[in-house]
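Here's the letter readout for the chains.
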Amino acid sequence: MKAKKQLGKDKAGVQKVMYGSDYFGDCLGQFALNAISGLVGQLTYFYTDKVGLAAGGVATAFMLVRILDAFTDLIMGYIIDHTKPGKERYRPWILRMVVPTVILTIMLFTVPQGISSNLQIIYMFMTNFLLSAVVYTAICVPYSSLIVVRTSSQDERSRMGICRAAAGYLCGMIITVGIIPITNMLGGDQRAWITFSTVIGVLSGIMLFITYKTSQETNSAEEENQTQQSEEEAIPMKEAVKNLFHNKYWVLALIIGVCSNVVNGLSQSSGTYYAKWIYGDDNLSAVIGAASILPSLLGFITVGILVKHLGVTKTIRVTCVMGLLSQALRMLNPYHFIYNLVLTCVSVYSNIPMMCELAVLTAMSIDFNEYKFGKRMIACSQGATSFGQKVGNGLGTAMIGWCLAIAAYDAAAEVLTEASKQAIFTFNIYAPVLMFVIMLICSLKYDLEKKLPGIQAELAKRKQQEG
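Read on for a plain summary of the structure. Values in this document were obtained by computation on a predicted structure and should not be read as measured data.

Quick notes on the rules
Residues numbered from 1 in each chain as written. Predicted model: local features only at pLDDT ≥ 70, side-chain atom pairs only at ≥ 80, totals over all residues. Heavy atoms only, no water. Helix = DSSP H or I, 4+ residues; strand = E, 2+ residues; numbered from the N terminus. Rg over C-alpha atoms; globule rule 2.2 N^0.38 Å. Buried < 20%, exposed > 50% of the residue type's maximum accessible area, 1.4 Å probe, protein only. Contact = heavy atoms within 4.5 Å. Lys, Arg positive; Asp, Glu negative; His and termini not counted. Charge placed at Lys NZ, Arg CZ, Asp CG, Glu CD. Salt bridge = Lys/Arg side-chain N within 4 Å of Asp/Glu carboxyl O. Expected span 1.5 Å × (residues − 1). Bend = angle between axes of the 7 residues up to and from the residue. Phe/Tyr/Trp six-rings, centres within 6.5 Å; stacked < 30°, edge-to-face > 60°. Lys NZ or Arg CZ within 6 Å of the ring centre and 35° of its normal. Axes fitted to C-alpha atoms, helices over the stretch in contact; angles between N-to-C directions. Parallel < 35°, antiparallel > 145°, perpendicular 65-115°, else oblique. Left-handed = near helix turned anticlockwise from the far one by under 90°. Nonpolar A, V, L, I, M, F, W, Y, C, P; charged D, E, K, R; others polar. 1 Å grid on protein atoms, 1.4 Å probe; cavity = no way out; pocket = protein on both sides within 12 Å on 5 of 7 lines; lining within 4 Å. Points joined across faces, edges and corners; volume = space filled by probe spheres on them. Disulfide = S-S within 2.5 Å.

1. So, the overall build of the protein
- The helix and strand inventory of the protein stands at 20 helices and 0 strands.
- Its C-alpha radius of gyration of 22 Å places the protein within 12% of the 23 Å reference for a compact globule of 467 residues.
- Viewed in the frame of its principal axes, the protein has a C-alpha envelope of about 75 × 45 × 40 Å.
- Every one of the 467 residues in the protein was classed for burial, and the buried ones make up 58%.
- When contacts within the protein are restricted to residue pairs at least 6 apart in sequence, those whose partners lie at least 24 apart make up 82%.
- Positive and negative side-chain charges in the protein, numbering 38 and 31 respectively, have mean positions lying 4 Å apart.

Below, the structure written as structure tokens:
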């Protein structure tokens, strides 16, 4: 108790409960999740250029997984929200998924050889579905919810979001920078990719276990809310989903999350094609990834300062404009390596606040749930975070495959066709421009942050009257 008092209170007067070790253990979970999504982001290149599957079939299979995946987040949230009072709702799921994460991460790349391409597509579909729609969901929804049940402090929640985004982005950079040079060094064949995925899978399992051991469900105010609302939360799935989609702030956070992760997914997945065909050397994808580390670090360092002075939503608006301009300027000269590298770094920096503050936007919408419907629906609401991550990355991956399929891309061609060149420009430049436009519009409509103090005061008044 003495140690907790030494932490002091945040600027809103809420007691802080998070120590450095708590942030470290918590952010390792995001490292593991981004390891999964990062590897999934590389699968289009692996399946087309290493296994030899048709880009159109790969893209369609990916999109089918995402359509099914869209339902599993809300289902998982519904299951968690209906856990009986008195039991831990969130942490146990992280432990349960440690072993499946290791096994399925490796299986992504063990596509059987010597069988028909249709059977290979089916294998690809099943392994992606099990890892993304089942295992990833069973980790991400409860993990996203921990940010609410761990602390009541908005400052600590924001810091948790920054630490998580930093860990996740570091993982993404390791995969983006390392996967091509390392697998090429190991032989560049399927066996090399399996070796790489084995290392990543084992590390992910270890990190998830550490997150489980260091996480706690200790937000006493939230425990009281859950106890008081345990009966009220037992609502039909249809009503829960209806309520969420009638919460405009939850919907706006969902859209921002999807678009942000499309940009992130494209940046991790599309650079190899751009380096190979526009710059003439696929190893330059590692240079692009390495150069992105500096703006990423700068983003994680400065996002807290920006949020402190501008607030969450204004920070997102400003950086959306930066991202939009940086990608639009690439259209002026898409072939110059240094010019595009600098603008890509600006775009990378611009996407950091969305990654850091998405969970905070969603957490705000939970209070609005209670204000409007009398039900918090924490896990269902935080499904927006995992939904945004999975669907965003999935759409980015599928977009690459579809563009290449429409352009009749041939991985073995000696000279790139004009159609294939435009396809590469589409998923490297034009699509990110569109995503930043959508995020900017959504952030301009998200005005909950300034309303939140009044909403929280009203909720406290209601509880006093009911008590």
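2. Re the pattern of salt bridges
- One pass over the full model with this rule turns up 6 salt bridges.
- Of the charged contacts in the structure, one is a salt bridge between Asp49 and Lys276, with a shortest N-O distance of 2.9 Å. Here Asp49 is found in helix α3 (residues 43-51), whereas its partner Lys276 is found in helix α13 (residues 271-277), with 227 residues between them in sequence.
- Between Glu458 and Arg462 there is a salt bridge, with its nearest N and O atoms 3.5 Å apart. Taken together, the residues span about one helical turn, with Glu458 and Arg462 both in helix α20 (residues 448-466) at a distance of 4 residues.
- What makes Glu458 partly exposed here is its relative accessible area of 29%.

3. With respect to helix α15 (residues 293-310)
- Between the first and last C-alpha of α15 there are 25 Å, a value that for 18 residues agrees with the 26 Å anticipated at 1.5 Å per step.
- At Thr302, α15 shows its maximal kink, close to 35°.
- Among the residues of α15, Pro295, Ser296, Gly299, Phe300, Thr302, Val303 and Val307 are the ones counted as buried.
- In this structure, the buried side of α15 is in contact with α8 (154-185), α14 (284-291), α16 (312-329) and α17 (337-373).
- Positive phi shows up at Gly311, right after α15, with a value of about 90°.

4. Here we look at the environment of Ala405
- Looking at the element boundaries, Ala405 is found in helix α18 (residues 378-406).
- Given the relative accessible area of 33%, Ala405 is considered partly exposed.
- Separated by 121 residues in sequence, Ala405 and Leu284 have C-alpha atoms that sit 24 Å apart.
- The residues touching Ala405, leaving out its near neighbours within four places in the chain, are Ala55 and Gly56.

5. Description of the side chain of Ser204
- Inspection of the secondary structure assignment puts Ser204 in helix α9 (residues 190-214).
- Excluding anything up to four places from it in sequence, Ser204 contacts Ala32, Ala35 and Thr101.

6. Looking at the packing of aromatic side chains
- Under the definition given, this model contains 20 aromatic pairs.
- Ring geometry for Phe245 against Trp250: centres 5.1 Å apart, planes inclined by 80°, an arrangement best described as edge-to-face.
- Look at Trp250 and you get buried, because its relative accessible area is 2%.
- Members of the aromatic cluster, each reached through a chain of ring pairs, are Tyr45, Phe46, Tyr47, Phe62, Phe109, Trp193, Tyr273, Trp277, Tyr409 and Phe427.
- Lying across the ring of Trp93, Arg96 places its NZ or CZ 4.5 Å from the centre.

7. A word on the packing of helix α6 (residues 98-107) against α9
- For the pair α6 and α9, the least separation of the axes is 8 Å and the interaxial angle reads 170°. As judged from the angle between their axes, α6 and α9 are roughly antiparallel. Remark: the crossing between α6 and α9 carries right-handed chirality. Contacts from Val98, Thr101, Val102, Thr105 and Ile106 in α6 reach Ile194, Ser197, Thr198, Gly201, Val202, Ser204, Gly205, Leu208 and Phe209 in α9.
- Of the residues in the contact of α6 with α9, the class split is 7 nonpolar, 7 polar and no charged.

8. Here's the deal with empty space enclosed by the protein
- Throughout the structure, instances matching the rule amount to 5 cavities of 30 Å³ or more.
- Computed from the structure, the largest cavity encloses a volume of approximately 410 Å³.
- Around the largest cavity, the lining is made up of 32 residues, and of these Leu266, Ser267, Ile288, Thr344 and Asn428 lie nearest the centre.
- Going through the elements one at a time, α8, α12 (248-269), α13, α14, α17 and α19 (418-445) are the ones with two or more residues in the lining of the largest cavity.
- Sort the elements by how many residues they give to the lining of the largest cavity and α17 lands first, with 7 residues.
- A per-class count over the lining of the largest cavity returns 14 nonpolar, 17 polar and 1 charged.

9. Topic: unusual backbone geometry
- In this structure, Ala408 takes a positive phi of about 55° despite not being glycine.
- When you line up the elements, Ala408 lands in the loop between α18 and α19.
- Ala408 sits in the exposed class, given a relative accessible area of 57%.

10. Section: the state of the cysteines
- Counted by the stated rule, this structure contains 0 disulfides.
- Its sulfur unpaired, Cys320 is 8.9 Å from the next cysteine sulfur, which belongs to Cys442.
- With no disulfide of its own, Cys345 has Cys356 as its nearest cysteine by sulfur position, at a separation of 17 Å.

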